[in-house]
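# Observations on chain architecture
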Amino acid sequence: MKVFNKAYGAASGELMIRDLEDSVKSYNSQQGEECGKVAQINGKLVIALCTPIMKRVHTKHKFSGELVFIDASGGMDRYDCRIFMILTHSTAGGLPLGCLIVTSESREVITLALKLYQVLLAKDAYFGRRTRGPVAFLSDDCEAEKQSLHEVYPESALILCVFHLLQAICRFLWEGKNAIRKDHRPELLQLVKNMTYASSEEVLQETYATLQANDVATRYPRYIAHCEKVYNRRHMWAICYRKDLPLRGNNTNNYAEATMRILKDQIFERVRAYNIVQLLDFLLTRMTSYYERRITDLANGRVDVTISRRFLPGGSSIPREMVKKVTQNTYEVRSQTDADTTYEVDMSLAMCTCFVGINGAPCKHQYAIVRLFNVTSLNFLPLNDEVQQKQMLYLATGQENVRERWFAPLKGGNVLVAHDGVNNDEVDHDVFEPVPVDSDHEQTMLDSLNTQRMLQNQFDARNKTAPATASTSNGIQVDRIATLEEGLKDTTASLIDMLKANPEEYAEPVAMFIKQFQTLKTSSAVVGALKTFGKYTGVSISLSEARKSKLRRKRGTAIKVQPAAISRRTTVLGGRRCLQTGRKPKEICTQTKRKVQGEMGTSQLMPKKRPRRAPHDLSQCVTNNENIGKNKSSKW
């Protein structure tokens, strides 16, 4: 315990703040540059991080100046700090650009965190755009987050995740107070979806007019009013307004959601950090090591960590005679289905005039040029691309001097090289044809999964105070009641002070608290609510001896999974603990065998008559009249 306290310091209070500041100073000293800053505002803690690997992604990865994802999550430490991850996209998945740790999600706190983060950036951050920020930020619909981004980066466009928009509409349709019939929900969701994916502004206006005139929609005034509010913000979510933005096919915040899963599963291993100092240490050490390994594996041709088929080139059926080089970086590719249609491809921008590649997403026409003209492209996995492999190695390690032909394939073949200054029309393309990707090997890469440690979810209870017996004197009872009354008044006064000091953050939670309290009609309901208040917020609680020994073995509080993940399981585990891949535990196999043999016992397998697991598609959920999770309020 002494060693642990020496490494991570106090659990809370001013001493922990000093330990936190010392940790940041020590890390900055080790790196030889300023990579972290700590500040406080109105008693709220703010930490901004930009590690060396994040700075290299900022300066050397082109996509960091085009599109940046930002998202927040919590529940990774005992005090439920919010962690904002700032990312950009690549063939290796999301690459980190920065990390913010805050104790509040108010506008002033997020703004201060972004300003501290901006101070840490190099002069050529965001691929040379520096203080202007990226071309676009993509986030979910958090008002405080959007206002802070607009204040710090006024030149960047703010767009919303399409998935979160449709998810919010789906929840609105399922909310009981809106009284929308089950058989009407799929049609109403489809009306909003048609607006979201409208091909032009004119089509968007037509689909909105269709929604307002729809016979089913007009039966629900609340739905019409809600859609009107959504339509007024159409510039932030409609696909037709994003044609001029270099999104490269990214209209959702999936990279950020996947990164949060990586943090909880692989960095923290589903165990909450002891304090903010340990939380910071894990982000500076474990997260950095994870991304170094991930990017280095991709540079060395190990693509097991990449599961997206959009970056696996596969085989292209476009022949050489259908591709024509126009200038140094531009090409023309004839359509395979319409002989009169020709697509223009600019490889310097990695864009194509086809429907898929119009905003920079990888398409088959771009890959045909990569394959036939030996051109480097950021849109595809660098399986045989020595230029991209060297860049990936630099992003991971900072090492620029690589031995000649270090990334050459072992089985022979030729690597792709940058074509600047090379007359590719004189190249023998039969000689420089890259080695095709074997389909079995590709399937193996896609099927590879990371096995995680199984952790038991911990739901703990406070020690109950022994009830007063008949022999307890009336004087003791009166004193105890008076003490409790005084404590209740102090707690209420403290809550009112916090509400007055920061109404932006506390107004909505207090209103929800009052509303929930008014719904409690019985004494048992009030007693249950009081006993469980704050129980699952991650704060340390009293434990019985048996639970203490179990907690010592676990060494932390488990990070719970989302409720929707439980309904999709085929194996019953109980609670919200993480379900791991790989071979099932021995006790589960034994119980299953006993059930097959006719013996009584609790099987860990779901009954055969159980309906199929809940789908991941919101539209399919509404079409089949199914909830996303176990209840109407379940979230992803």
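The preceding data block contains the structure.
Residues numbered from 1 in each chain as written. Predicted model: local features only at pLDDT ≥ 70, side-chain atom pairs only at ≥ 80, totals over all residues. Heavy atoms only, no water.

### Some points on the environment of Gln266
Topologically, Gln266 is positioned in helix α11 (residues 254–267). Taking the C-alpha atoms as reference points, Gln266 and Arg286, 20 residues apart in sequence, are found 8.9 Å from one another. (Helix = DSSP H or I, 4+ residues; strand = E, 2+ residues; numbered from the N terminus.)

### Quick look at the pattern of salt bridges
In the structure shown here, the tally under the stated rule is 16 salt bridges. The closest approach of N and O atoms between Asp265 and Arg261, which form a salt bridge, is 2.3 Å. In this pair, Asp265 and Arg261 both sit in helix α11, four residues apart, roughly one turn of the helix. Overall, Arg261 belongs to the partly exposed group, its relative accessible area being 48%. Note that Asp265 and Arg270 form a salt bridge whose closest N and O atoms lie 2.7 Å from each other. In this structure Arg270 comes out as buried when scored by relative accessible area, which is 6%. Each of Asp141, Glu143, Lys146 and Arg233 takes part in a single network of salt bridges with overlapping partners. (Salt bridge = Lys/Arg side-chain N within 4 Å of Asp/Glu carboxyl O. Buried < 20%, exposed > 50% of the residue type's maximum accessible area, 1.4 Å probe, protein only.)

### Describing the nonpolar core
Membership of the largest hydrophobic core comes to 122 residues, with the highest contact counts inside it found for Ile101, Tyr117, Leu188, Tyr223, Phe268, Leu279 and Leu283. Per-element tally for this core: the top contributor is helix α12 (residues 276–299), with 13 residues. Residues in contact with Tyr117, not counting those within four places in the same chain, are Ala48, Leu49, Cys50, His58, Ile86, Leu97, Gly98, Leu100, Tyr126 and Tyr153. Ile318, Val345, Cys363 and Tyr367 belong to the second largest nonpolar core, which has 19 residues in total. (Core = buried A, V, L, I, M, F, W, Y, C linked by side-chain atoms within 4.5 Å. Contact = heavy atoms within 4.5 Å.)

### A closer look at the packing of aromatic side chains
A complete count under the given rule lists nine aromatic pairs for this structure. With centroids separated by 5.7 Å and ring planes inclined at 80 degrees, the aromatic side chains of Tyr126 and Tyr153 adopt a geometry described as edge-to-face. Of this pair, Tyr126 sits in the loop between α4 (107–120) and β6 (136–139) while Tyr153 sits in the loop between α5 (143–152) and β7 (157–160), and the two are 27 residues apart along the sequence. Exposure remark for Tyr126: the relative accessible area of 1% places this residue in the buried category. The class of Tyr153 is buried, set by a relative accessible area of 1%. Aromatic side chains Phe137 and Tyr153 sit 5.3 Å apart centroid to centroid with 40 degrees between the ring planes, which places their arrangement in the tilted category. Taken together, the residues span a long stretch of sequence, with Phe137 in strand β6 and Tyr153 in the loop between α5 and β7 at a distance of 16 residues. (Phe/Tyr/Trp six-rings, centres within 6.5 Å; stacked < 30°, edge-to-face > 60°.)

### Here's the deal with the packing of helix α3 (residues 52–60) against helix α14 (residues 386–397)
For the pair α3 and α14, the least separation of the axes is 7 Å and the interaxial angle reads 145 degrees. Every residue of α14 that contacts α3 at Ile53, Arg56, Val57 and Lys60 is listed here: Gln391, Tyr394, Leu395, Ala396 and Thr397. Each residue belonging to the contact of α3 with α14 can be placed in one class, and the counts come to five nonpolar, two polar and two charged. (Axes fitted to C-alpha atoms, helices over the stretch in contact; angles between N-to-C directions. Nonpolar A, V, L, I, M, F, W, Y, C, P; charged D, E, K, R; others polar.)

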